[in-house]
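# Working through the structure, step by step
For reference, the chains in residue letters:
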Amino acid sequence: MAGFLGFVPMMMLLHSVVDSSLAMAVVPNITTDQYALIALKAHIISDPDHILMNNWTIGTSVCNWVGVVCGVRHKRVVALHIPDMGLTGTLPPQLGNLSFLVQLNVTNNDFFGTLPKELAKLRRLKFISLVLNNFGGPIPPWLGALPELQFLFLANNSFTSVFPPSFFSNSSKLETLHLYGNGLEGKIPPQIGNLQNLKLLSMECNQLTGSIPDSIFNISTLETIGFSYNGLSGKIPSNICYRPSKLQFLHPSWNHLEGEIPSSLSECSELQVLSLSVNNIRGRIPIEIGNLTMLKMLYLGHNNLEGTEGEEEMLAKFEGMEQREGYEVSKPWSYQ
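Worth saying up front: this structure is predicted, and the values here are computed from it rather than measured. Every chain begins its residue count from 1, and numbering advances along the sequence as written. The predicted nature of this model means local features are confined to residues of pLDDT at least 70 and side-chain atom pairs, given and counted, to a pLDDT of 80 or more, with totals for whole chains, interfaces and linings taken over all residues. Side-chain metrics rest on all non-hydrogen atoms present in the structure, leaving aside hydrogens and water.

### Concerning the side chain of Asn 230
Secondary structure follows DSSP: runs of H or I at least 4 residues long count as helices, runs of E at least 2 residues long count as strands, and numbering of each begins at the N terminus. Summarising the element assignment, Asn 230 is placed in the loop between β15 (224-226) and β16 (231-235). The exposure class assigned to Asn 230 is buried, which follows from its relative accessible area of 9%. Polar contact is the term for a pair of N or O atoms within 3.5 Å; when the atoms are in protein, one must be able to donate a hydrogen and the other to accept it, and sequence-neighboring residues count only if both atoms are side-chain atoms. A polar contact is formed between the side chain of Asn 230 and the backbone oxygen of Phe 227, at a distance of 3.0 Å. Whether two residues are in contact is decided by their heavy atoms, any of which lying within 4.5 Å being enough. Excluding anything up to four places from it in sequence, Asn 230 contacts Met 203, Glu 204, Cys 205, Asn 206, Gln 207, Leu 208, Trp 254 and Asn 255. Exposure classes here rest on a 1.4 Å probe applied to the protein chains alone. A residue is buried below 20% of its type maximum, exposed above 50%, and partly exposed in between.

Below is the structure:
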């Protein structure tokens, strides 16, 4: 009996040692990062300049690999920067193990397929650029669950459906959302107004429909709004610039917008470029637009506008401005 009682603590100690060893075995480290990048290399089917083939080798430190940056403190991979390398392939799920990654940039390659859901584990990510690739499928909702994300560049890919509303509810730190040149369909969710730190919103050259949500103009930090070349309809929201506004560039041209130009645009005191051309906008041009003293470019052509009372007075205001680089306003109104 005494021998058995002595055996029990020994077994408990053994289990404790085994559990500790297992715990240590799964703690991510630089080797974890190395395996993740080797998995990426294995998913590359074309490396025309042999950059990864010759440089990403087991015999050298991962922190010395081309396009890889390690942090000073933890010696973990914090940035993967491999743009303009002509790479063709897919992103493997193992990239989700780069738990210290802050920047992911694969711009201007030929990556394709969908984004692996394992990337949702990258809770430190602040910057993602997938521009000029061939990624496809719906934009994954888990992108909105990345708590530190500030810059998201997905332009010139083949993504389809627009973000789910939950994305806009969770991405509280997002400053740039660049979706130009995809195949995005459907309506813009009104929850987009929750992105109160947003400065740049670009959704040009997609297949978006429906109206422009009023909630967008409740984002006082917005400087650039681009909706050109879509199928948007409805009126230009009348609440433009009711709140303090930093808006400098507004581009909803080449859509199906209707109604009149709201005089509230005159409250956008920092507006530099206004492009409303190629829509179904009607009525008179608000004389108040002449109060936009920062305006450099005005495009209103190919609508159903009637001019404005006091049009000569408004033009005189424009023509009397100091000539700035890129200044362009003319009669008849140009379009772009």
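### Description of the pattern of salt bridges
Salt bridge criterion: a side-chain nitrogen from Lys or Arg within 4 Å of a carboxyl oxygen from Asp or Glu. Following the criterion strictly, the structure yields four salt bridges and no others. A salt bridge links Arg 76 to Asp 33; the nearest nitrogen and oxygen atoms lie 2.8 Å apart. Linking Arg 76 in the loop between β2 (68-70) and β3 (77-81) with Asp 33 in helix α2 (residues 30-42), this pair joins segments that are 43 residues apart in sequence.

### Notes on the sheet that holds strand β9 (residues 151-153)
Overall, mixed pairing links the 11 strands, which are arranged β2-β3-β5-β7-β9-β11-β13-β15-β17-β19-β21 in an open sheet. Bordering the open sheet on either side are β2 and β21 (297-299), each of which pairs with just one other strand. Direction aside, neighbouring strands of the sheet carry axes that sit 10 degrees apart on average. Strands are treated as partners if at least two bridges between them are detected by DSSP. Judged from the three bridges that link them, strand β19 (residues 273-275) and β21 form a sheet pairing that is parallel. Residue pairing for β21: Val 273 is matched across the bridge by Met 297. Here α2 sits on the sheet in contact with β2 and β3, set at roughly 20 degrees to β3. Fitted lines through C-alpha atoms serve as axes, helices being fitted only where they are in contact, and the angles separating the N-to-C directions of these axes extend from 0 to 180 degrees.

### A short note on the packing of aromatic side chains
Each Phe, Tyr or Trp ring, with Trp reduced to its six-membered ring, pairs with another whose centre is within 6.5 Å; inter-plane angles below 30 degrees give stacked pairs, above 60 give edge-to-face pairs, and intermediate values give tilted ones. On inspection of all chains with the given rule, the structure shows six aromatic pairs. Arranged with centres 5.3 Å apart and planes meeting at 20 degrees, the rings of Trp 56 and Trp 65 form a pair that is stacked. Taken individually, Trp 56 and Trp 65 each receive the classification buried, so the pair is uniform in this respect. Each ring, one from Phe 127 and one from Phe 151, has its centre 6.3 Å from the other, and the planes form 50 degrees; the classification is tilted. Placement of the pair is Phe 127 in strand β7 (residues 127-129) and Phe 151 in strand β9, with a sequence separation of 24 residues. Phe 127 sits in the partly exposed class, given a relative accessible area of 22%. With relative accessibility at 26%, the residue Phe 151 sits in the partly exposed group.

### Points about the pairing of β16
Pairing geometry for strand β14 (residues 207-210) and β16, over two bridges, is parallel. Paired with Thr 209 across the strands is Gly 231, a residue of β16. As paired strands, β16 and strand β18 (residues 256-258) are joined by three bridges and run parallel to one another. Each residue of the ladder has a partner; that of Lys 235, found in β18, is Glu 258.

### Description of the nonpolar core
Working definition of a nonpolar core: buried Ala, Val, Leu, Ile, Met, Phe, Trp, Tyr and Cys residues. They are joined through side-chain atoms within 4.5 Å. The biggest cluster of nonpolar side chains holds 79 residues, and the ones touching the most others in it are Leu 37, Leu 143, Leu 152 and Phe 163. Elements represented by at least two residues in this core include exactly α2, β2, β3 and α4 (165-170). For this core, the element with the most residues is α2, which contributes three residues. Setting aside its immediate chain neighbours within four residues, Leu 143 contacts Ile 128, Leu 149, Leu 152, Leu 154, Phe 163, Phe 167 and Ser 171.

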